[in-house]
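Take a look at the letters that make up each chain.
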Amino acid sequence: MHEYSIVEMLLARVAAEAHARGATAVHRPTVRIGELSGVEIDLLAAAFATFRDRTICAHADLDVLPVAAAWACPQCGGLIERGAMLRCQRCGVPARLAQGDEILLDRIEMEVP
Amino acid sequence: MCGHCGCGDSEVVSVDVHEKILAGNDRAAAHNREHFRDRHVVAINLMGSPGAGKTAVLETTARMVAGRQQFGALAGDLATDNDADRLRAAGVIAKSITTGSACHLDAAMVHRGLHDLPWHGVDYLFIENVGNLVCPAVYDLGQAANVVALSVTEGVDKPLKYPVMFMKADLVLITKIDLLPYLPQIRIEVIADALAHVMPRPRHMCVSATTGEGMGHWLTWLEQLRAQPCCEVTHYT
């Protein structure tokens, strides 16, 4: 249940950004969560709904953009088929994670005076 | 103020941030890493399920290197000091990090743990994470390498069920191999195949902390890790 600690960090970061811009409310933080990030989106949403009370995000909705995992060959750039061994069949080198480990705060929609 | 007519109404704006939510943890981990590097300490984040044999491997390893190398350990534990007690009895300078209900260690907990541990002069610092195959994988602690203990009693498909944990491992220790004669359904090559589907650089060693089998290879791996520049293992990214 590390999603709760991630939401605490998210709320603190959003609050700092909102404060710096003198925002009166946050409407929608948008996060990107990778398939191989180790973060469960449902748990993250539940944690956000629990912890947003009495913060500047009290009435905000969390927008989550899931990012599918993709492994690629660092030499030829070819994508590794899902479920296959993580090695390029052509070049014989270990694959590299091209995307899918993101735990990112992308943007914040906020109300400013 | 409204930017269109200056009427004084508030305005909704979208602010781009593009920042890692765990940036604070990453900064704390970088700070830990600097400490380890300055003091020539090889830090290893040892992870695995509850009961995978993390503490047993460390006990046996510490006894094997006694008099030649000094181990330090921070043992993440929900409620007890049992692991740290066992490690101290094996000659390790050890302290618990009692996490309460927290399911993982983060870099700040490790940093605070270091304040309570007389770790100067240790050759290796093992951070024995909370027994859990999910949450600990998410947090960088400042370690030089991630090692995951996977016991043969856990079945052959744990790597496929917990890919994030195994994808981040530099080495998987397949533990309790002395029990293999009692587990006819467990085949090491099936575990190795599962690892190759989730680890880009799959590396495993079979060990028994009870009989000592395979522990020599693990010691060699530790020595090689220490010999590498800055004690850094190439990670998957």
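Residues numbered from 1 in each chain as written. Chains lettered and ligands numbered in written order. Predicted model: local features only at pLDDT ≥ 70, side-chain atom pairs only at ≥ 80, totals over all residues. Heavy atoms only, no water.

Undergrad: Quick rundown of the overall build of chain A? Include the residues and the values.
TA: Each helix and strand in chain A was counted, giving 2 helices and 5 strands. Along the chain direction, N to C, the helices and strands of chain A fall in the order α-β-α-β-β-β-β. Here chain A holds 113 residues, and 42% of them are scored as buried. When contacts within chain A are restricted to residue pairs at least 6 apart in sequence, those whose partners lie at least 24 apart make up 74%. Carbon and sulfur atoms provide 50% of the accessible area of chain A, an area that totals close to 5,700 Å². Positive and negative charge centroids in chain A, built from 11 and 15 side chains respectively, lie 7 Å apart. (Helix = DSSP H or I, 4+ residues; strand = E, 2+ residues; numbered from the N terminus. Buried < 20%, exposed > 50% of the residue type's maximum accessible area, 1.4 Å probe, protein only. Contact = heavy atoms within 4.5 Å. Areas by Shrake-Rupley, 256 points an atom, 1.4 Å probe, with all protein chains shown as cover. Lys, Arg positive; Asp, Glu negative; His and termini not counted. Charge placed at Lys NZ, Arg CZ, Asp CG, Glu CD.)

Undergrad: Can you lay out the confidence of the model for chain B for me, pointing to particular residues and giving the numbers?
TA: Low-confidence regions, as indicated by low pLDDT, have predicted coordinates that should not be scrutinised in detail. Of the residues in chain B, 93% have a pLDDT of 70 or more, and the chain-wide mean is 92. Across the predicted assembly, pTM comes out at 0.93 and ipTM at 0.94. (pLDDT = per-residue confidence, 0-100.)

Undergrad: Any details on helix α2 (residues 54–65) of chain B? Residues and values, ideally.
TA: Residues and elements named next belong to chain B. Compared with an ideal rise of 1.5 Å per residue, which puts 12 residues at 16 Å, α2 spans 17 Å between its outermost C-alpha atoms and is within 8% of the ideal. A large share of α2 lies buried, amounting to 9 of its 12 residues. Taken as a whole, α2 has its buried residues at K54, T55, V57, L58, E59, T60, T61, A62 and V65. Residue G67 follows α2 closely and has a positive phi angle near 90°. (Expected span 1.5 Å × (residues − 1).)

Undergrad: An account of the sheet that holds strand β6 (residues 145–151) of chain B is requested, with residue identities and associated values reported.
TA: Residues and elements named next belong to chain B. Spatially, β4-β3-β5-β2-β6-β7-β8 is the arrangement adopted by the 7 strands of the open sheet, whose pairing is parallel. Each having just a single partner strand, β4 (93–98) and β8 (204–206) make up the two edges of the open sheet. For this sheet, the mean angle separating the axes of adjacent strands, direction not counted, is 20°. Of the strand pairs in this sheet, strand β3 (residues 71–77) and strand β5 (residues 124–128) are connected by 5 bridges, and their pairing is parallel. Counterpart to L74 in the pairing with β5 is I127. Along the sheet face, helix α3 (residues 82–89) touches β3, β4 and β5 and points at about 175° away from the line of β4. (Pairing = 2+ DSSP bridges. Axes fitted to C-alpha atoms, helices over the stretch in contact; angles between N-to-C directions.)

Undergrad: So, the pairing of strand β1 (residues 25–34) of chain A: which residues are in play, and what are the values?
TA: Residue and element names in this part refer to chain A. In this structure, β1 lies alongside strand β5 (residues 103–112), joined through 8 bridges in antiparallel fashion. Looking at the pairing, R32 lines up with L104 of β5. Read as a crossover between parallel neighbours, the route from β1 over helix α2 (residues 41–51) to strand β2 (residues 63–67) is right-handed. (Right-handed = clockwise from strand over helix to strand, strands pointing away.)

Undergrad: Describe the interface of chain B and chain A, and please don't skip the residues or the numbers.
TA: Listed per partner, the contact involves 32 residues of chain B and 35 residues of chain A. Of the roughly 3,000 Å² buried between chain B and chain A, counting both surfaces, carbon and sulfur atoms make up 64%. At the junction of chain B and chain A, the tally comes to 1 salt bridge. With its nearest N and O atoms 2.7 Å apart, the salt bridge here joins A:R13 to B:E19. Remark: the boundary between chain B and chain A carries 12 residue pairs in polar contact (both at pLDDT 80 or more). Those elements giving two or more residues to the side of chain B that touches chain A turn out to be β1 (11–20), α6 (163–167) and α7 (188–198) of chain B. The biggest single contributor to the side of chain B that touches chain A is β1(B), with 10 residues. Taken together, the residues that form the side of chain B that touches chain A break down as 20 nonpolar, 6 polar and 6 charged. As paired elements, β5(A) and β1(B) share 8 bridges and run antiparallel to each other. Paired with A:V112 across the bridge in β1(B) is B:E11. (Buried area = accessible area lost by both parts, 1.4 Å probe. Salt bridge = Lys/Arg side-chain N within 4 Å of Asp/Glu carboxyl O. Polar contact = N/O pair within 3.5 Å; in protein donor to acceptor, adjacent residues only side chain to side chain. Nonpolar A, V, L, I, M, F, W, Y, C, P; charged D, E, K, R; others polar.)

Undergrad: Outline the layout of surface pockets, listing residues and values.
TA: Approximately 340 Å³ is the volume found for the second largest pocket. Forming the walls of the second largest pocket are 16 residues, and the residues nearest its centre are A:L36, A:W71, A:G83, A:L86 and B:H197. Where the lining of the second largest pocket is concerned, the elements lending two or more residues are β3 (70–72) of chain A together with α6 and α7 of chain B. For the lining of the second largest pocket, a count of residues per class yields 11 nonpolar, 2 polar and 3 charged. (1 Å grid on protein atoms, 1.4 Å probe; cavity = no way out; pocket = protein on both sides within 12 Å on 5 of 7 lines; lining within 4 Å. Points joined across faces, edges and corners; volume = space filled by probe spheres on them.)

Undergrad: Let's hear about the packing of α2(B) against α3(B): which residues, and what values?
TA: Residue and element names in this part refer to chain B. The interhelical angle for the contact between α2 and α3, taken along N-to-C directions, is 15°, at an axis separation of 9 Å. Our classification of the angle between α2 and α3 gives roughly parallel. For the pair α2 and α3, the sense of crossing is right-handed. Of α3, the residues touching α2 (which contributes T55, A56, L58, E59 and R63) are D83, R86, L87 and A89. (Parallel < 35°, antiparallel > 145°, perpendicular 65-115°, else oblique. Left-handed = near helix turned anticlockwise from the far one by under 90°.)

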